[in-house]
Amino acid sequence: MTEAHVPVQGEDIYTTGPLTTESGAPVADNQNGETAGVGGPVLIQDQSLIEKLAHFNRERIPERVVHARGAGAYGTFTVTADVTRYTRADFLSEVGKQTETFLRFSTVAGSLGSADTVRDPRGFSLKFYTEEGNYDLVGNNTPVFFIKDAIKFPDFIHTQKRDPYTGSQEADNVWDFWGLSPEATHQVTWLFGDRGIPASYRHMNGYGSHTFQWNNAAGETFWVKYHFKTDQGIKSFTQAEGDRIAGEDPDFHQRDLREAIERGDFPTWTLQVQIMPADEAADYRFNPFDLTKVWPHEDYPPIEIGKLELNRNPDNIFAEVEQAIFSPAHFVPGIGPSPDKMLQGRLFAYGDAHRYRVGINADHLPVNRPRATVARTYGRDGYAYDGRHGRAKNYEPNSFGGPQQSGTALWQSTAVSGVTGTHEAPTHAEDNDFVQAGNLYRLMSEEEKERLIANLAGFIAKVSRDDIAERAINNFRQADADYGKRLDAAVQALRPLRG
């Protein structure tokens, strides 16, 4: 009779000992399926075979619609400046305080099997495992985005994905949408500039992009923007370098991050914030909640408040990167949303995506559950529920000692007025869709402008219709006359336009 294996200290009970079925029964033969005689058909009674094939067929979950391609690592965030006058968030409450984090990098448009070094924004999704619950800051490596209202997001992403007829990304779709959405001009200038293809995840910045609310113990409110500045320095690939590496090593960015951490070369970022007193928002020269715009640093200088270090790789990519969930709605006391219409849409969409992809109990998974506190809810049942609540009641209020509400809101209320309707966001004195794109262009060196024009022209030249190409070029012409003139000439050289 075989004795049960008793793991010794340091052994993993799931990987050490005899091979078993999912129910724990020993597997006698993992090389040969059971058959009806030598050379006969396989028997359905071979439970080990059936279970193994059935599990294999179900090993994948739906990939993210956006940000499917990603890599991640654990780390530590350390507070380096006193910000208690702005926020009562506990993890920011004292200089030197450290909080465990998990950061997931990603591309936006590509599928799970796409290459790393493509021209695309990069996701920068950071989970803080705080003592007041998990706080998710779900941003990008650009401070702005293509659109300003969430109602346009599904349409925008459809243009970046595969065409329903051709099955490929089509330049016609991309430039048709961008040309008809002039607010995209600023982000497109970022994307086709030098930073459009980072040399590694370690050599790019991260931004919260949206405007968020901070509120302090006295009930005062502030609007804030987050900037994680890479301490490794900005490094990028040219289009030719990105194309070459995509063909030679499509996992380049993922491998670079993992190997850097393995050798102890821990990447770090310095967190800076821009802070606007709440009463200054209404009269600010730009709409401070418009995701297509930045706050110029001369108006609100960035303040250094912390340091982020990545120092531990995940042990299992599927469990800890693919099943990691992030939602901008995961706030903690002292931090909340703003009226940013894109952010408001994301507050719903991200959580809903993960409930669909990973399941209603995705927050129970180790990578997602709180580390420094305990989640106490009355949510029960559903796929992958682990029975953690035992015999406890599943309703509130109850008289059996169950969890009770705190009575204290996470963020401060904001005043609203007017009638319901499909309103455009308020327009401020210097709001338009082109001014900041033109400012960004004029900040570039001559060499940077040349590369930007070449990158844009190479893509616009693939458009099949003259009107789509001309409309796209005209948006850049409105941002800066020289910008549009040079782009028009570069496109004409590659694809002469009629007219």
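Please read these numbers as outputs of a predicted model, since none were measured by experiment. (Residues numbered from 1 in each chain as written. Predicted model: local features only at pLDDT ≥ 70, side-chain atom pairs only at ≥ 80, totals over all residues. Heavy atoms only, no water.)

Asker: Explanation requested: the overall build of the protein chain in the structure shown.
Answerer: From N to C terminus, the protein chain includes 12 helices and 10 strands. For 499 residues, the compact-globule estimate of 2.2 N^0.38 gives 23 Å, and the protein chain sits close to it at 26 Å. A principal-axis box enclosing the C-alpha atoms of the protein chain has dimensions of 85 × 65 × 50 Å. For the protein chain, the proportion of its 499 residues judged to be buried stands at 45%. A fraction of 74% describes how many contacts in the protein chain between residues 6 or more apart in sequence connect residues 24 or more apart. For the protein chain, the accessible surface area stands at approximately 25,700 Å², while carbon and sulfur atoms represent 52% of it. Computed over 51 positive and 69 negative side-chain charges, the separation of the two mean positions in the protein chain equals 1 Å. (Helix = DSSP H or I, 4+ residues; strand = E, 2+ residues; numbered from the N terminus. Rg over C-alpha atoms; globule rule 2.2 N^0.38 Å. Buried < 20%, exposed > 50% of the residue type's maximum accessible area, 1.4 Å probe, protein only. Contact = heavy atoms within 4.5 Å. Areas by Shrake-Rupley, 256 points an atom, 1.4 Å probe, with all protein chains shown as cover. Lys, Arg positive; Asp, Glu negative; His and termini not counted. Charge placed at Lys NZ, Arg CZ, Asp CG, Glu CD.)

Asker: I keep staring at the pattern of salt bridges and nothing clicks. Help me out?
Answerer: Per the counting criterion, the structure on display carries 33 salt bridges. Salt-bridge contacts for Arg465 lead to Asp467; the nearest nitrogen and oxygen are separated by 2.6 Å. With a relative accessible area of 45%, Arg465 lands in the partly exposed category. By sharing partners, the salt bridges in this structure join Lys148, Asp290, Lys293 and Asp433 into a single network. (Salt bridge = Lys/Arg side-chain N within 4 Å of Asp/Glu carboxyl O.)

Asker: Just to check I follow, could you spell out unusual backbone geometry for this structure?
Answerer: Only a minority of non-glycine residues have a phi that is not negative, and only a minority of peptide bonds are not trans. Residues Glu396 and Pro397 are joined by a peptide bond in cis, for which omega reads 5 degrees. Mapped onto the elements, Pro397 comes out in the loop between helix H8 (341-357) and helix H9 (435-443). With phi around 65 degrees, Ser209 is a residue other than glycine that occupies positive phi space. Residue position: Ser209 is located in the loop between strand S5 (206-207) and strand S6 (212-215).

Asker: I keep staring at the packing of aromatic side chains and nothing clicks. Help me out?
Answerer: Each aromatic ring pair is summarised here by two numbers: the centre-to-centre distance and the angle between the ring planes. With the rule as written, the count across this model stands at 38 aromatic pairs. The interplanar angle of 85 degrees and the centroid separation of 4.9 Å between the aromatic rings of Trp175 and Trp178 together place this pair among those described as edge-to-face. With a gap of 3 residues between them, Trp175 and Trp178 both fall in helix H3 (residues 171-180), about one helical turn apart. There is no split in this pair, since Trp175 and Trp178 are both buried. Feature note: the residues Phe145, Phe146, Phe153, Phe156, Trp175, Phe177, Trp178, Phe192, Tyr441, Phe459, Phe476 and Tyr483 constitute an aromatic cluster, connected by ring pairs. Across from the ring centre of Tyr74, 4.0 Å away, lies the NZ or CZ of Arg312, which sits over that ring. Looking at Lys393, its charged tip hangs above the ring of Phe400, at a distance of 4.6 Å from the centre. (Phe/Tyr/Trp six-rings, centres within 6.5 Å; stacked < 30°, edge-to-face > 60°. Lys NZ or Arg CZ within 6 Å of the ring centre and 35° of its normal.)

Asker: When you look at helix H11 (residues 466-479) in this model, what are you seeing that I'm missing?
Answerer: Quick reminder: α-helices carry 3.6 residues per turn. Residues three or four places apart thus point the same way. Between its first and last C-alpha, H11 extends 20 Å over 14 residues, near the 20 Å set by a 1.5 Å rise per residue. Looking only at H11, the buried set comprises Asp466, Ile468, Ala469, Ala472, Ile473, Asn475, Phe476 and Ala479. Those residues of H11 that are buried are in contact with H3, helix H4 (185-192), H9, helix H10 (446-460) and helix H12 (481-494). (Expected span 1.5 Å × (residues − 1).)

Asker: Where do I start with the nonpolar core in this structure?
Answerer: As a rule of thumb, nonpolar side chains are buried together in soluble globular proteins. Among the nonpolar cores identified, the biggest contains 41 residues, and Phe146, Trp175, Trp178, Val188, Phe192, Leu456 and Leu487 are the most heavily contacted of them. At the level of elements, helix H2 (153-160), H3, H4, H9, H10, H11 and H12 are the ones that each hand at least two residues to this core. Membership of the second largest hydrophobic core comes to 37 residues, among which are Phe77, Tyr135, Phe212 and Tyr226. (Core = buried A, V, L, I, M, F, W, Y, C linked by side-chain atoms within 4.5 Å.)

Asker: Explain the side chain of His227 to me, please; I cannot follow it from the model alone.
Answerer: With respect to the secondary-structure elements, His227 resides in strand S7 (residues 221-230). The exposure class of His227 is buried, given its relative accessible area of 6%. A polar contact of 2.8 Å, which involves the side chain of His227, links it to the side chain of Gln274. (Polar contact = N/O pair within 3.5 Å; in protein donor to acceptor, adjacent residues only side chain to side chain.)

Asker: I'm lost on the pairing of strand S4 (residues 133-140) in this one. Help?
Answerer: Side chains on a regular strand alternate between the two faces of the sheet. Of all 8 residues that make up S4, 8 are buried, and the element is covered over most of its length. When strand S3 (residues 122-130) meets S4, the two strands line up antiparallel, connected through 8 bridges. Within the sheet, the bridge partner assigned to Lys127 lies in S4 and is Asp136. Between S3 and S4, which pair antiparallel and follow one another directly, the connecting turn spans 2 residues. (Pairing = 2+ DSSP bridges.)

Asker: Please clarify how H8 should be interpreted in this entry.
Answerer: With 17 residues, H8 should cover 24 Å at 1.5 Å per step; its first-to-last C-alpha distance of 24 Å lies within 8% of that length. Considering bend angle alone, the principal kink of H8 is centred on Leu347 and spans about 30 degrees. Among the residues making up H8, those that are buried are Met342, Leu343, Arg346, Tyr350, Gly351, His354 and Arg357. On its buried face, H8 is in contact with S4, H2, S6 and helix H7 (317-322). The backbone nitrogen of Met342 lies 2.9 Å from a side-chain oxygen of the residue at the head of H8, namely Asp340. Downstream of H8 by a residue or two, Gly359 has a phi angle that is positive, lying close to 120 degrees. (Bend = angle between axes of the 7 residues up to and from the residue.)

Asker: Teacher, can you tell me more about the environment of Ala184 here?
Answerer: Its location among the elements puts Ala184 in the loop between H3 and H4. On the accessibility criterion, Ala184 (1% relative accessible area) is buried. Sequence separation between Ala184 and Gly359 is 175 residues, and the spatial gap between their C-alpha atoms is 34 Å. Residues within four places of Ala184 in sequence aside, it is in contact with Phe146 and Trp178.

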